[in-house]
Amino acid sequence: MSHDEQVLNYPIPSETALEPPAEWAQLRQRCPVAPVKLPSGDQATLLTRYEDVRQVLADPRFTRLLNADDAARLSADESGGLFSSEMAQIIPDSGEEHQRWRRLVGKWFTAKRMTALRPAMTQMAEQLIDDMVERGQPGELRAGLGFPLPVYVICDMLGVPAGDRDRFAYWSDTLLNLTRYGQAEIDAAQAEFVQYMSGHIAAKRAEPGEDLLSELIAAGDADNGGMSDIQLLATGMGLLVAGHETTANMIGKMVGMLLADRTRWERLLADPSLVRTAVEEALRFDANAGFGMPRYLREESEVGGTVLPRGTTVVCSMAAANRDESVFDGADEMDLSRSPNPHLAFGAGAHSCLGQALARTELQVVLEVLLRRLPSLELAVPAEELQRVEGLAIGGLREIPVRW
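**Student:** Before we go on, may I ask you to explain the pairing of strand β6 (residues 293–297) in this structure?
**Tutor:** Each regular strand carries side chains that alternate between the two faces of the sheet. Counting buried positions along β6 gives four out of five residues, so the element sits mostly inside the fold. Pairing geometry for strand β4 (residues 62–63) and β6, over two bridges, is antiparallel. Bridging from a neighbouring strand, Thr 63 pairs with Tyr 296 of β6. In the sheet, β6 pairs with strand β9 (residues 313–316) via four bridges, with the strands oriented antiparallel. In the sheet register, Arg 295 faces β9, and the bridge partner there is Val 314.

Next up, the structure:
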């Protein structure tokens, strides 16, 4: 494919929910820096090779500030979500300010803290599986386990009532779905979300608890090394959405991948010590990772032998990069013992995912508990019939029907 040929529409559809589009391999081989048309109709540049994606994600010249006049719009209706220019302006994009923000928030997402949370996560997973079994089969894994567990965990960390989780689900969808909602509905939902989080922060100021937001408030305002009110608000909203939506979807996809080929599940039953490497391989192997990571180039730069002019909007497909044969032996095979596994599912560089220790812990706990409690677990429909959630910036499956 050359620049003179037809520009692909992006995201690129695939035939089944768990398989990658054939175009990924073709692009990596023949056109790794490719022009694509976004849902908005604007043009961007898609990267599909591992080294190119890693370079851009770690390069401070490629910014999250997508509000420049010449930046591509991701969708016709700007959701104001995690990719929004407003979010990037509120939470510092680079430099010492960004590092300070990460230090303040990152204390709650260390591996040590995740180890402390693990017993409670395990207990939550046990209870959710008990409830799913009691409801009878076939069960629906996404609704019964994949969605509620991360919601309970992040709500607990933020001191937010888990009973509000259905509202979060809708607000998250308006933030992350690029095609489903009109601008008026998006604006109304976000106004509700802002009002809710503003009230929650005010309540924490009045009556602090042992949670992340209370600690951020106690750290002081921006003049004293802490956060401004608007940064607290954006941080609370961003963590609430990112802290459950990505992992909720990944739980379902991971289990779907492992059950799509029964020998994978059987191997884990025979050797549960593979859970950690299996989780990493599921993250690498995920072909339904969603939109990818958009970046805006504020000065001319070269990527993959191609000079990109200032004003280029680049989309980094971490999922395509994670299938790069030049980096991963047997890249199209799911190897549950793969190690090392330097996948890019959590990004790279200064903007790598802050919550990756949390996500890893939740995925490991779910897999450990499922293997122990439901060893006979299987898909209740053929893997080819699993359906993607359409339009979501973060890829997911609509339902995961299972039997045991």
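**Student:** I keep staring at the packing of helix α11 (residues 229–260) against helix α12 (residues 262–270) and nothing clicks. Help me out?
**Tutor:** How two helices pack is summed up by the angle between their axes together with the distance between the axes. The geometry of α11 relative to α12 is characterised by a closest axis approach of 4 Å and an angle of 100° between their N-to-C directions. As far as their axial angle goes, α12 and α11 are roughly perpendicular. Where α11 approaches α12, its residues Met 257, Leu 258, Leu 259 and Ala 260 are matched on the opposing element by Arg 262, Arg 264, Trp 265 and Leu 268.

**Student:** How should I be thinking about the sheet that holds strand β3 (residues 43–47) in this particular structure?
**Tutor:** The strands making up a sheet associate through hydrogen bonds between their backbones, and the pairing can be parallel or antiparallel. Pairing in this open sheet of six strands is mixed, and the strands run β1-β2-β3-β9-β6-β4 from one edge to the other. Looking at which strands have only one partner, the edges of the open sheet turn out to be β1 (8–9) and β4. The pairing of β1 with strand β2 (residues 33–37) spans two bridges and is parallel. From the neighbouring strand, Asn 9 faces β2, where its bridge partner is Lys 37.

**Student:** Could you clarify how one ought to interpret α12 in this entry?
**Tutor:** Since one α-helical turn is 3.6 residues long, residues separated by three or four positions face the same way. Among all positions in α12, only Arg 264, Trp 265 and Leu 268 are buried. Seen from one end, α12 has its buried residues packed into an arc of 95°, which puts them on one side. α12 presents Thr 263 and Ala 270 as exposed residues on the side facing more than 90 degrees away from its buried surface.

**Student:** Help me out: how do you make sense of the sheet that holds strand β5 (residues 139–140) in this one?
**Tutor:** The antiparallel open sheet is built from three strands, whose spatial order is β5-β11-β10. The open sheet has two edge strands, β5 and β10 (378–379), and neither has a second partner. Inspection of the sheet shows β10 paired to strand β11 (residues 401–403) by two bridges, in the antiparallel sense. Its bridge partner lying in β11, Leu 379 is registered against Val 402.

**Student:** Got a minute to help me understand the pattern of salt bridges in this structure?
**Tutor:** Two side chains carrying opposite charge are able to pair once their charged atoms lie near each other. Under the defined criterion, the tally for this structure stands at 20 salt bridges. Of the charged contacts in the structure, one is a salt bridge between Asp 130 and Arg 373, with a shortest N-O distance of 2.5 Å. Of this pair, Asp 130 sits in helix α5 (residues 111–135) while Arg 373 is found in helix α15 (residues 356–373), placing the two residues 243 residues apart along the sequence. Across the pair Arg 323 and Asp 332 runs a salt bridge whose closest N-O atoms are separated by 3.2 Å. Since its relative accessible area comes to 3%, Arg 323 is described here as buried. The structure contains a network of salt bridges with shared partners spanning Glu 126, Asp 130, Arg 372 and Arg 373.

What counts as what
Residues numbered from 1 in each chain as written. Predicted model: local features only at pLDDT ≥ 70, side-chain atom pairs only at ≥ 80, totals over all residues. Heavy atoms only, no water. Buried < 20%, exposed > 50% of the residue type's maximum accessible area, 1.4 Å probe, protein only. Helix = DSSP H or I, 4+ residues; strand = E, 2+ residues; numbered from the N terminus. Pairing = 2+ DSSP bridges. Axes fitted to C-alpha atoms, helices over the stretch in contact; angles between N-to-C directions. Parallel < 35°, antiparallel > 145°, perpendicular 65-115°, else oblique. Contact = heavy atoms within 4.5 Å. Arc of directions from axis to C-beta. Salt bridge = Lys/Arg side-chain N within 4 Å of Asp/Glu carboxyl O.

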